[in-house]
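Secondary and tertiary structure notes
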Amino acid sequence: DNSNVNMESTIGTNATATISLDYGSLGSTFKVVSNNPKITVAPASFYAEGSGTQEITLTGDAKVLGTETATITIYDQSKKTTVNVTSTITRIPQTITWNSSFENLDVFNTVALDATASGATTVTYSIAEEDQAKAAISENVLSFNEAGTVHVVATAAQSEIYERVSDTVSVVVSLAQP
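Please read all numbers here as calculations on a predicted model, not as lab measurements.

One open sheet holds the four strands; their spatial order is E10-E17-E16-E13, and the pairing between them is mixed. Looking at which strands have only one partner, the edges of the open sheet turn out to be strand E10 (105–106) and strand E13 (123–127). Examined bridge by bridge, E10 and strand E17 (residues 165–174) share two bridges and lie parallel to one another. Following the sheet pairing, leucine 105 is matched in E17 by valine 173.

We now examine the confidence of the model for the chain. In the predicted model, the chain carries a mean pLDDT of 79, and the fraction of residues at 70 or more is 67%. Contacts from residues 1–8, a stretch scored under 50 in pLDDT, to residues over four places away or in other chains number 21 contacts.

Attention now goes to the pattern of salt bridges. Going through the model one piece at a time under the given rule, you end up with one salt bridge. Across the pair lysine 134 and aspartate 131 runs a salt bridge, and its minimum N-O distance is 3.5 Å. Residue classification places aspartate 131 among the buried positions, given a relative accessible area of 3%.

A few words now on the pairing of E13. On E13, burial follows the alternation: Val123, Tyr125 and Ile127 on one face are buried, whereas Thr124 and Ser126 on the facing-out side are not. Where E13 meets strand E16 (residues 148–156), five bridges bridge the pair, whose relative direction is antiparallel. Looking across to E16, one finds that isoleucine 127 is bridged to valine 152.

So, about the sheet that holds strand E15 (residues 141–144). Ordered by their spatial adjacency, three strands build an open sheet running E11-E15-E14, and the pairing between neighbours is antiparallel. The open sheet has two edge strands with one neighbour each: strand E11 (110–112) and strand E14 (135–138). Mean inter-strand twist for the sheet, computed between neighbouring axes without regard to direction, equals 20°. One ladder, built from four bridges, connects E14 with E15; its direction is antiparallel. Each bridged residue has a counterpart across the sheet, and for alanine 135 the counterpart in E15 is phenylalanine 144.

Further remarks concern the environment of asparagine 99. Along the chain, asparagine 99 turns up in the loop between strand E9 (96–98) and E10. In this structure, the C-alpha to C-alpha distance between asparagine 99 and aspartate 114, residues 15 residues apart in sequence, is 5.3 Å. Every residue in contact with asparagine 99, bar those within four places of it in the chain, is listed here: Asp114, Ala115 and Thr116.

Ranked by internal contacts, the top residues of the largest apolar core, which has 23 residues, are Trp98, Phe102, Leu113, Leu142, Phe144, Val152 and Val171. With eleven residues, the next largest nonpolar core counts Val41, Ile56, Leu58 and Ile72 among its residues.

Another aspect to go through is the packing of aromatic side chains. Under the defined criterion, the tally for this structure stands at two aromatic pairs. Centroid distance tryptophan 98 to tyrosine 125: 5.9 Å. Interplanar angle 40°. Geometry classified as tilted. With tryptophan 98 in strand E9 and tyrosine 125 in strand E13, the pair connects residues that are 27 residues apart, well separated along the chain. Of the two residues, tryptophan 98 and tyrosine 125, both sit in the buried class. Joined through ring pairs, the aromatic side chains of Trp98, Phe102 and Tyr125 make up one cluster.

This brings us to the side chain of serine 100. Within the secondary structure layout, serine 100 lies in the loop between E9 and E10. Look at serine 100 and you get buried, because its relative accessible area is 13%. Of note is the side chain of serine 100, whose polar atom sits 2.8 Å from the backbone oxygen of alanine 112. Within the structure, serine 100 has its side chain in polar contact with the backbone nitrogen of aspartate 114 (distance 2.7 Å). With sequence-adjacent residues up to four places away left out, serine 100 is seen in contact with Val111, Ala112, Leu113 and Asp114.

Cut-offs used in this document
- Just so you know, the residues in each chain are numbered from 1, in the order the chain's sequence is written.
- The model is predicted, so local features are restricted to residues of pLDDT at least 70 and side-chain atom pairs to those at 80 or more, both for listing and for counting; the totals for chains, interfaces and linings are taken over all residues.
- Water and hydrogen atoms were dropped before computing side-chain values, which therefore reflect all heavy atoms in the structure.
- Whether two strands pair comes down to DSSP finding at least two bridges between them.
- Think of it this way: any DSSP run of H or I at least four residues long counts as a helix, any run of E at least two long counts as a strand, and we number them from the N terminus.
- For every residue, the predictor assigns a confidence score, pLDDT, that lies between 0 and 100.
- When checking whether two residues touch, look at their non-hydrogen atoms; a contact exists if any pair is within 4.5 Å.
- The term salt bridge refers to a pairing of a side-chain nitrogen on Lys or Arg with a carboxyl oxygen on Asp or Glu at a separation within 4 Å.
- Here the term buried applies to any residue with accessible area under 20% of the maximum for its type, exposed to any over 50%, and partly exposed to those in between, with areas from a 1.4 Å probe on protein chains only.
- All axes here are fitted lines through C-alpha atoms, helices being fitted over the stretch that makes contact, and every angle between N-to-C directions spans 0 to 180 degrees.
- The nonpolar core is taken to be a set of buried Ala, Val, Leu, Ile, Met, Phe, Trp, Tyr and Cys residues, with the residues joined through side-chain atoms within 4.5 Å.
- Any Phe, Tyr or Trp ring, taking Trp's six-membered ring, that has another such ring centre within 6.5 Å forms a pair; planes under 30 degrees apart are called stacked, those over 60 apart edge-to-face, and the others tilted.
- Definition of a polar contact: a pair of N or O atoms within 3.5 Å, with one able to donate and the other able to accept a hydrogen when the atoms are protein atoms, and with sequence-neighbouring residues admitted only if both atoms are side-chain atoms.

Below is the structure:
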C-alpha cells in the first residue's frame, strides 16, 4: 500500500520543518530515509503500535541555499509511505545589538563603537554619507567635528549561512559647554 503526500516547506538554515504521520493500528519498527543528502530526517527509525502520530523532522543543510527536492520514504515490512518534499533552504536572518553608549555627548567626546551581530559575523562601522563632515571613525572610535545629529551604521556581512544586516543609530552631539 503506497501513498504519496506532497508537502512544500521552507527550511531556514538550522531550522526544521515537521511532517506528522498517522500510522494507525500498526505495530512495527519503521525506517525513515531521505534520498537527498542535503535534507536529513530524524528520527531515522521509530517503533509504532496502536493509534497515534510520529513527527518526522526535516533539517536543511546549512551550506546549501536554494530549492531542494527530496523523497522521504517511511516503511516497515507491510506498508510504504512516500512523502515528496520541496524545501527552500534560506540564510538565517541576523540582528545587530549596539553595546556603545551615545548619551550626553559633545564635540570633544569620542565613543568606542561596539555592536554585535546575532550570527557572530564581524561588524563594521560607517557614517551615513550626509553626515561625514560632522564625524569620523578611526579604528572603531567615533569622533565629532561639529554639533548635530550623526547617523552611524553598523553592518554585519553576509556569510555562508547568515544574511547581511545593517542597523543605524542616531547620535546627538551638542556644543561643548565652557
